[in-house]
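Below, each chain spelled out in residue letters.
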Amino acid sequence: MKTYKLLTLLMFVSTLYVGCSDDYLDEAPSKSQGVVPTTIEDIAGLLNDLRVFSQENSSELIYSTDDFGINIDYFNADVNEFTAPVAHEYTWNTEFPALDARGTRVWNGEWKKIFNANLVLLALNDVEGTVQEKANLKAEAHFIRAYSYFLLANTYCLSLKGNEQEMGLPIKRSTSYEETLERASLQDTYDFITEDLEEALKINRQLEKFNGLDRIWRASTVAVNGFAARYYLALHDYEKAQKYAQDALNEKSTLINFNTDIVETSIIVNIESDGDPSTSETAEIYNGDYIVNTSVINDIFYWTEAYYNREMSSPIGQLWPSEDLLSTYNASYDLRYKHFVVENLSYLRGSDGIGLPLYSQSGYQTVFNHLISGPTAAEMLLIKAECQIRQGSWADGLQTANVLRANRMDVNAPADVINLSGTSQSDALVKVLEERRRELPFVLRWYDLKRYNSNEDPSDDVDNITRNFYPYSQVTIDHNSSLQTYTLPKGSRRYAHPIPNQEIITSGGVIKQNEY
């Protein structure tokens, strides 16, 4: 199968998912031929394609945060567990990720979404349909484009505040490959996102049902409001972020009670030292959590808190939480720890097919083996709580956060464990930001690190993230050498990941690489 540079050529022809059936229109991409939707049904089929619109294949956003941790003892026990590309992202290398084809997945994936959104906007000029149908589809296309631009900006660009004239992203308003590929300023990029969001907020379609499930794979008022809350939180506009979070909660505030709505299974494994059966011991590993009263295990559409389906997964198949992240949980009473933190998960990752690693490493595994990265009711409560605190209503903010904790903590826990309490605005902020980290690990931590370090409140700054790991080349990790210390300081230009070199080459140098 050939690979095409989606942004540079901008002639990728999307696979069309017609309705909710398995009928696809699959054409080869070229500069002269394209599949343009000609009916409202064609456009709906395009937007229903989960393979295109749901996945966020971003190793950059997972491995670069302080939520992810490679324990050296575990790595030494199984040196095949982590590859050099993981080490590159883990230590914020700016040379090798640009050369790695895997690093193009989020770049290509989001530009494909943007191209399809522009394709919808183009097709709407010629298709027949009611005024309301076409208006909603237009708003949905602007929503998709805004969402993808925001993700790309957070991955490949610096924080907006203080960097307004730094390089942003190419602005693509159409499917034409004749549009310039020159990177606009970061301010112009965010102005473009804001314009798209304003158009998206005109959507007049509440969350619909399909076969008894919320149709979270399509845009709706609650999805757009949820994204708007996330967006304005990143811009430090706490008044707007709180407004849109509340608007979303007014439409849908459903929470999953971890005491009653999730159950778990466990398996017993034998642990052998160096593959020697005579040293065998047993360990119980909890996994396979699923939602009660569903016949389909690991189906993300049963996560009733979700507003819009976006999913993130780890390319290496597992998520390894850092000790820093694990230390934020109350292991005795926090049911997120019980259901999602899998102690001894490393015992299932045997090395060389002989014996299981000697070192016990905890993993993080959600109900669906994917991380829910789209907006949810839980995220809205946390946005609302944070905005209340930052605007002075810190006691109200704690109360808002406790609505979530009532559904996350063991019902048998003491009241002062279930409920957060504080003595001041700064104390309340620390506790709610910790709660946000516990609830939303990996998926939004990179966004949060960037906004904490760029706002006017120094109390939430994360000054340095430090790793101890081995040296490496583009393709190998030198685990026989001494450990090195890698540091990501506050304000580092490495908070903007490098753009894939192949995009720069095929653009003829029009797309410029980040400067470090």
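These numbers come from a predicted model, not from an experiment.

## Here we look at the sheet that holds strand E8 (residues 311-312)
Remark on secondary structure: sheet strands pair via backbone hydrogen bonds, oriented parallel or antiparallel. Read across the sheet, three strands follow the order E3-E8-E11 without closing on themselves; strand pairing throughout is mixed. A single partner strand is all that each edge strand has here, and the edge strands are strand E3 (55-56) and strand E11 (371-372).

## Examining the pairing of strand E12 (residues 464-469)
Residues Ile465, Arg467 and Phe469 line the buried face of E12, whereas the alternating positions Asn464, Thr466 and Asn468 sit on a face that is not buried. Where E12 meets strand E13 (residues 484-489), six bridges bridge the pair, whose relative direction is antiparallel. For asparagine 468, the partnering residue across the bridge sits in E13 and is threonine 485.

## Quick notes on empty space enclosed by the protein
All chains considered together, the criterion is met by four cavities of 30 Å³ or more. Size it by volume and the largest cavity reaches roughly 270 Å³. Every residue lining the largest cavity is counted, 23 residues in all, and those nearest its centre are Trp303, Phe340, Ile372, Glu439 and Leu440. Secondary-structure elements contributing two or more residues to the lining of the largest cavity are helix H13 (335-340), E11 and helix H17 (425-439). The calculated volume of the second largest cavity comes to roughly 80 Å³.

## Some remarks on the packing of aromatic side chains
Counted according to the given criterion, the structure contains 35 aromatic pairs. Where tryptophan 111 meets tyrosine 149, the ring centres are 5.4 Å apart and the plane angle is 80°; that geometry is what we call edge-to-face. Here tyrosine 149 lies in helix H8 (residues 131-156) and tryptophan 111 lies in helix H7 (residues 105-123), a separation of 38 residues in the sequence. Across the pair, exposure class does not vary: tryptophan 111 and tyrosine 149 are buried alike. Centre to centre, the rings of tryptophan 446 and tyrosine 495 are 4.9 Å apart; their planes meet at 35°, and the pair counts as tilted. In this pair, tryptophan 446 is assigned in helix H18 (residues 445-452) and tyrosine 495 in the loop between E13 and helix H19 (501-506), connecting sequence segments 49 residues apart. Looking at tryptophan 446, the relative accessible area reads 0%, which means it is buried. Among the aromatic side chains, those forming a connected cluster through ring pairs are Phe143, Tyr147, Phe150, Tyr190, Phe227, Tyr231, Tyr232, Tyr244, Tyr308 and Tyr447.

## Some details on the nonpolar core
Counting 141 residues, the largest nonpolar core has Phe68, Phe82, Phe143 and Phe469 as its most contacted members. For this core, the element with the highest residue contribution is H8, accounting for 13 residues. If sequence neighbours within four positions are ignored, phenylalanine 469 has contacts with Ile70, Ile72, Phe75, Ala87, Tyr90, Thr91, Ile477, Leu483, Gln484 and Tyr486.

## Some words on unusual backbone geometry
Residue tryptophan 92 is not a glycine yet carries a positive backbone phi of 60°. Topologically, tryptophan 92 is positioned in the loop between helix H6 (84-90) and H7. Positioned with a positive phi, histidine 236 is a non-glycine residue whose angle comes to about 65°. On the secondary structure map, histidine 236 appears in the loop between helix H10 (221-234) and helix H11 (238-251).

## Concerning the pattern of salt bridges
On inspection of all chains with the given rule, the structure shows 37 salt bridges. Its salt-bridge partner being arginine 493, residue glutamate 166 comes within 3.0 Å of it at the nearest N-O pair. On the criterion of sequence distance, the pair formed by glutamate 166 in the loop between H8 and helix H9 (186-200) and arginine 493 in the loop between E13 and H19 is long-range, its members being 327 residues apart. Classification of glutamate 166 as partly exposed rests on a relative accessible area of 26%. Owing to a relative accessible area of 30%, arginine 493 belongs among the partly exposed residues under this scheme. Glutamate 439 serves as the salt-bridge partner of arginine 408, at 2.9 Å between the closest nitrogen and oxygen. Of this pair, arginine 408 sits in the loop between helix H15 (394-405) and helix H16 (415-418) while glutamate 439 sits in helix H17, placing them 31 residues apart in sequence. Of the two residues, arginine 408 and glutamate 439, neither departs from the other in class, the shared state being buried. Salt bridges sharing common partners tie together Glu305, Asp334, Arg336, Arg405, Arg408, Glu435, Arg438 and Glu439.

## Considerations on the environment of serine 421
Structurally, serine 421 can be placed in the loop between H16 and H17. Here serine 421 falls in the partly exposed class, since its relative accessible area comes to 49%. A sequence separation of 22 residues divides serine 421 from glutamine 399, and the C-alpha atoms of the two residues are 8.5 Å apart. Non-local contacts of serine 421, meaning those with residues more than four positions away in its chain, are made with Leu398, Asp427 and Lys431.

## Structural notes on the packing of H15 against H17
Here H15 crosses H17 at 25°, and the two axes come no closer than 9 Å. Taken together, the axis directions place H15 and H17 in an arrangement best described as roughly parallel. The way H15 lies across H17 gives a crossing that is left-handed. Across the interface between the two elements, Trp394, Gly397, Leu398, Ala401, Leu404 and Arg405 of H15 pack against Gln425, Ala428, Val432, Glu435, Arg438 and Glu439 of H17.

## Quick word on the environment of aspartate 460
Among the structural elements, aspartate 460 can be located in the loop between H18 and E12. Between the alpha carbons of aspartate 460 and aspartate 448 there is a distance of 9.9 Å; along the sequence they are 12 residues apart. Residues within four places of aspartate 460 in sequence aside, it is in contact with Arg390, Leu433, Tyr452 and Asn455. Among the polar contacts listed, one links the side chain of aspartate 460 to the side chain of asparagine 455, at a separation of 2.8 Å.

## Remarks on the confidence of the model for the protein chain
With 83% of its residues at a pLDDT of 70 or more, the protein chain shows a mean pLDDT of 86. Contacts of residues 1-33 to residues separated by more than four positions or lying in other chains number 80 contacts, the stretch itself having pLDDT below 50. Residue range residues 272-280 is modelled with pLDDT below 50. Its contacts to residues more than four positions away, or to other chains, number 13 contacts.

## Some words on the packing of helix H2 (residues 40-47) against H7
For the pair H2 and H7, the least separation of the axes is 11 Å and the interaxial angle reads 170°. As the angle between them shows, H2 and H7 are arranged roughly antiparallel. Touching Ile43, Leu46 and Leu47 of H2 are Asn116, Leu119, Val120 and Ala123, all from H7. Grouping the constituent residues of the contact of H2 with H7 by class yields six nonpolar, one polar and no charged.

Cut-offs applied
- Residues numbered from 1 in each chain as written.
- Predicted model: local features only at pLDDT ≥ 70, side-chain atom pairs only at ≥ 80, totals over all residues.
- Heavy atoms only, no water.
- Pairing = 2+ DSSP bridges.
- Helix = DSSP H or I, 4+ residues; strand = E, 2+ residues; numbered from the N terminus.
- Buried < 20%, exposed > 50% of the residue type's maximum accessible area, 1.4 Å probe, protein only.
- 1 Å grid on protein atoms, 1.4 Å probe; cavity = no way out; pocket = protein on both sides within 12 Å on 5 of 7 lines; lining within 4 Å.
- Points joined across faces, edges and corners; volume = space filled by probe spheres on them.
- Phe/Tyr/Trp six-rings, centres within 6.5 Å; stacked < 30°, edge-to-face > 60°.
- Core = buried A, V, L, I, M, F, W, Y, C linked by side-chain atoms within 4.5 Å.
- Contact = heavy atoms within 4.5 Å.
- Salt bridge = Lys/Arg side-chain N within 4 Å of Asp/Glu carboxyl O.
- Axes fitted to C-alpha atoms, helices over the stretch in contact; angles between N-to-C directions.
- Parallel < 35°, antiparallel > 145°, perpendicular 65-115°, else oblique.
- Left-handed = near helix turned anticlockwise from the far one by under 90°.
- Polar contact = N/O pair within 3.5 Å; in protein donor to acceptor, adjacent residues only side chain to side chain.
- pLDDT = per-residue confidence, 0-100.
- Nonpolar A, V, L, I, M, F, W, Y, C, P; charged D, E, K, R; others polar.

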